[in-house]
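Inside the fold
Given next are the chains, with one letter for each unit.
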Amino acid sequence: MPRPGQVKSPASDRLSDRIALGVLTRAFPPELIDEVVAECGRVEQRHRLLPARVVVYFVLAMCLFFGQGYEEVARLLVQGLERDGRWARAWRVPTTAAIGRARLRLGPEPLRALFTRACRPVAVRETQGAWYRNWRLVAVDGTVFDLPDTTANTEFFGRPGSSRGQGRSAYPQARVAALAECGTHAVFAAEIGPLSVHEAVLAERLFPALVEGMLVLADRGFCGLDLWRAAKAGGADLLWRVRSVIVLPVVETLDDGSYLSEIVTARDHYRRADPERVRVIEYTLGPDGGDGTVYRLITSILDPARAPASELAALYAQRWEIENTLDEIKNHQGGPGLVLRSRYPRGVEQEIFAFLLVHHALRDLMHQAALRDGHDPDRISFTRTLRIVRRHVTGQAALSPLPTQPGHRPEPA
């Protein structure tokens with residue numbers, strides 16, 4: 001299997017020659033950054049040391065080089081430009097305080113808008129591991145991010161009680177719900193909220209991104225008729241695990257061992273006046289393949305000929321791909337024991353979207369490399385790719401941090 005740094009691009013350069021800041025400007029071109037900055041009303045009225053476009057790229061780089069100080073991130077971004085003489089006059093590295101003020105001026109809106117504009121499912125028909133029959137496989141899940149222990153973060157996001165056994169009660173936490181493409185790990189929708197907001201509530205805000213041709217996998221934390229109908233509204237099909245206490249009466253037994261049933265809302269439990277027809281698949285992971293746990297799945301695909309029960313039972317394991325995705329973001333891109341650096345809620349939102357944007361850029365690049373050589377994207381190491389990106393950043397800077405002159409368009413490197 002070719003290593004990420006050895007895969008040839010269409011232009012015959014190495015993958016490692018197209019990454020670092022280059023991967024950010026490739027995924028998020030300066031023209032797109034300028035558009036979202038303008039849409040969000042962040043265009044400067046005067047020249048600044050840190051214009052809004054540069055601050056956006058700085059925040060992205062901050063989440064690429066997580067753990068480095070503000071000033072060191074700025075140096076990493078510009079030293080390649082300085083060496084190659086890509087601007088005419090001197091630019092001094094801003095102080096940590098200046099960068100902090102620039103982040104506050106920018107706010108989270110441009111990063112959220114950039115995520116909405118740029119982050120989409122990336123698999124094509126030739127992508128291995130991304131499809132089941134004619135369905136694009138996607139999954140929904142939630143996680144939490146530990147935050148700096150400030151009054152502002154605690155008041156807005158809240159913190160878990162020590163009885164929850166997380167061992168992190170010293171930190172406030174932000175809750176995040178996300179949709180990811182299983183085959184490529186590309187996150188294409190995300191919502192952020194306080195810890196008190198259940199992940200299912202955040203997930204419902206994601207469901208407008210679900211469209212016909214998707215098959216959505218979810219674990220037991222996502223249940224309820226209202227949520228089910230919201231997920232189906234755009235035409236997507238669903239395959240969700242449900243808790244064992246859910247009542248699923250047998251309406252019709254099918255030839256493949258599954259059966260048709262109905263789900264209702266809790267308020268309609270006795271009358272069952274407004275049911276939703278589902279198909280139920282039950283199976284047990286035995287001694288050779290599990291611990292004997294009984295799994296109960298419900299699906300919107302009612303015809304067994306379109307998706308046999310045995311195939312759907314095997315397919316459900318793909319739900320773990322979103323867990324792997326969130327692990328990549330938190331424990332590899334961020335690092336073990338990740339605590340975000342933002343001390344205020346708006347900065348937290350800005351930082352989380354920047355993490356998601358950088359991850360999407362990396363995963364899109366990995367997908368293109370895998371597609372070119374006919375591999376499954378899962379066969380390329382995320383950690384190795386991330387190391388290559390970081391190692392090459394200083395030689396790949398692609399834009400000047402100086403404000404552009406009227407009528408002048410900076411040439412990409």
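Everything numeric here is computed off the predicted structure, so don't read it as measured data.

Rules behind the numbers
- Residues numbered from 1 in each chain as written.
- Predicted model: local features only at pLDDT ≥ 70, side-chain atom pairs only at ≥ 80, totals over all residues.
- Heavy atoms only, no water.
- Helix = DSSP H or I, 4+ residues; strand = E, 2+ residues; numbered from the N terminus.
- Buried < 20%, exposed > 50% of the residue type's maximum accessible area, 1.4 Å probe, protein only.
- Contact = heavy atoms within 4.5 Å.
- Areas by Shrake-Rupley, 256 points an atom, 1.4 Å probe, with all protein chains shown as cover.
- Salt bridge = Lys/Arg side-chain N within 4 Å of Asp/Glu carboxyl O.
- Expected span 1.5 Å × (residues − 1).
- Bend = angle between axes of the 7 residues up to and from the residue.
- Core = buried A, V, L, I, M, F, W, Y, C linked by side-chain atoms within 4.5 Å.
- Axes fitted to C-alpha atoms, helices over the stretch in contact; angles between N-to-C directions.
- Parallel < 35°, antiparallel > 145°, perpendicular 65-115°, else oblique.
- Phe/Tyr/Trp six-rings, centres within 6.5 Å; stacked < 30°, edge-to-face > 60°.
- Lys NZ or Arg CZ within 6 Å of the ring centre and 35° of its normal.
- Pairing = 2+ DSSP bridges.
- Left-handed = near helix turned anticlockwise from the far one by under 90°.
- Nonpolar A, V, L, I, M, F, W, Y, C, P; charged D, E, K, R; others polar.

Take the overall build of the protein chain next. Broken down by element type, the protein chain carries 13 helices and 10 strands. In the protein chain, buried positions account for 54% of the 413 residues. For the protein chain, restricting intrachain contacts to residue pairs at least 6 apart in sequence, the fraction spanning at least 24 positions comes to 67%. Accessible surface, the protein chain: about 18600 Å² in total, of which carbon and sulfur atoms supply 49%.

The next subject is the pattern of salt bridges. One pass over the structure, following the stated rule, counts 21 salt bridges. Put simply, D219 and R319 hold a salt bridge, and the shortest N to O gap is 3.6 Å. Separated by 100 residues along the polypeptide, D219 in the loop between β5 (214–218) and α9 (225–232) and R319 in the loop between α10 (309–315) and α11 (320–334) bring together distant segments of the chain. Residue R319 is classed as buried on the basis of its relative accessible area, which comes to 1%. Residues joined by salt bridges that share partners form a network here, namely D141, D219, R319 and E323.

Within the secondary structure layout, D364 lies in helix α12 (residues 345–372). Taking relative accessible area as the criterion, D364 reaches 18% and is therefore assigned buried. Among residues more than four places away in sequence, those in contact with D364 are R26 and V122.

Glancing now at α11. For α11, spanning 15 residues, the distance from its first C-alpha to its last is 20 Å, which sits close to the expected 21 Å at 1.5 Å a residue. Along α11, the sharpest kink reaches roughly 30°, centred on E328. E321, I322, T325, L326, E328, I329, K330, Q333 and G334 are the residues of α11 that are buried. The positive-phi residue at the C-terminal boundary of α11 is G335, with phi of around 115°.

Turning our attention to the nonpolar core. Grouped together as the largest cluster of nonpolar side chains are 87 residues, with contacts concentrated most on F58, L60, L215 and I352. Looking at this core, the element that brings in the most residues is α12, giving 14 residues. Setting aside residues no more than four positions away along its own chain, F58 makes contact with Y70, V73, A74, L77 and I99. Residues F207, L238, V242 and L248 belong to the second largest nonpolar core, which totals 31 residues.

Let us now look at the packing of helix α3 (residues 52–64) against α12. Running from N to C, α3 and α12 point in directions that differ by 75°, and their axes come no closer than 8 Å. By the criterion of interaxial angle, the relationship of α3 to α12 is roughly perpendicular. Here α3 contributes V59, L60, M62, C63 and L64 to the contact with α12, which in turn contributes Q350, E351, A354, F355, L357 and V358.

Our next topic: the packing of aromatic side chains. One pass over the full model with this rule turns up nine aromatic pairs. Ring centres of F58 and Y70 lie 5.7 Å apart, and the angle between their planes is 80°; on these two criteria the pair is classed as edge-to-face. Pair noted here: F58 is in helix α3 and Y70 is in helix α4 (residues 70–84), with a separation of 12 residues, a long-range link. Seen in terms of ring centroids, Y295 and Y316 are 6.4 Å apart; in terms of plane orientation they differ by 65°. Their pairing is edge-to-face. Pair noted here: Y295 is in strand β10 (residues 294–299) and Y316 is in the loop between α10 and α11, with a separation of 21 residues, a long-range link. Judged by its relative accessible area of 4%, Y316 falls in the buried class. When the ring centre of W131 is taken as origin, the NZ or CZ atom of R125, which lies over that ring, is 4.0 Å away.

By secondary structure assignment, the location of E311 is in helix α10. The class of E311 is partly exposed, set by a relative accessible area of 31%. The spatial distance from the C-alpha of E311 to the C-alpha of Y132 is 9.2 Å, given a sequence separation of 179 residues. Sequence-distant contacts of E311, that is, excluding residues within four places in its chain, are made with Y132 and R133.

With that out of the way, let us pick up the pairing of strand β3 (residues 173–181). Counting buried residues in β3 gives nine out of nine residues, a clear majority hidden from the surface. The alternating pattern of β3 places Q173, R175, A177, L179 and E181 on one face and A174, V176, A178 and A180 on the opposite face, and all of these are buried. Summarising the sheet, strand β2 (residues 135–146) and β3 pair through nine bridges and their orientation is antiparallel. Counterpart to V140 in the pairing with β3 is L179. Taking the residues between adjacent antiparallel strands as the criterion, β3 and strand β4 (residues 187–194) are bridged by five residues, where H185 takes a positive phi near 65°.

Mapped onto the fold, R105 is located in helix α5 (residues 96–106). Along the chain, R105 and R42 lie 63 residues apart, while their C-alpha atoms are 7.8 Å from each other.

As a packed pair, helix α2 (residues 30–39) and helix α6 (residues 109–118) sit with axes 9 Å apart at the nearest point and diverge in direction by 125°. Overall, the two elements α2 and α6 adopt an arrangement that is oblique. Once α2 is placed against α6, the crossing between them reads as right-handed. Contacts between α2 and α6 involve L32, I33, E35, V36 and E39 from the first element and P110, A113, L114, R117 and A118 from the second. In the contact of α2 with α6, the residues fall into seven nonpolar, no polar and three charged.

Moving on to the pairing of strand β9 (residues 276–284). Pairing geometry for strand β8 (residues 259–263) and β9, over five bridges, is antiparallel. When the sheet's bridge partners are listed, Y259 is paired in β9 with V280. Relative to β10, β9 runs antiparallel, the two being bridged by six bridges. Note that in β10 the partner of I281 across the bridge is L297.

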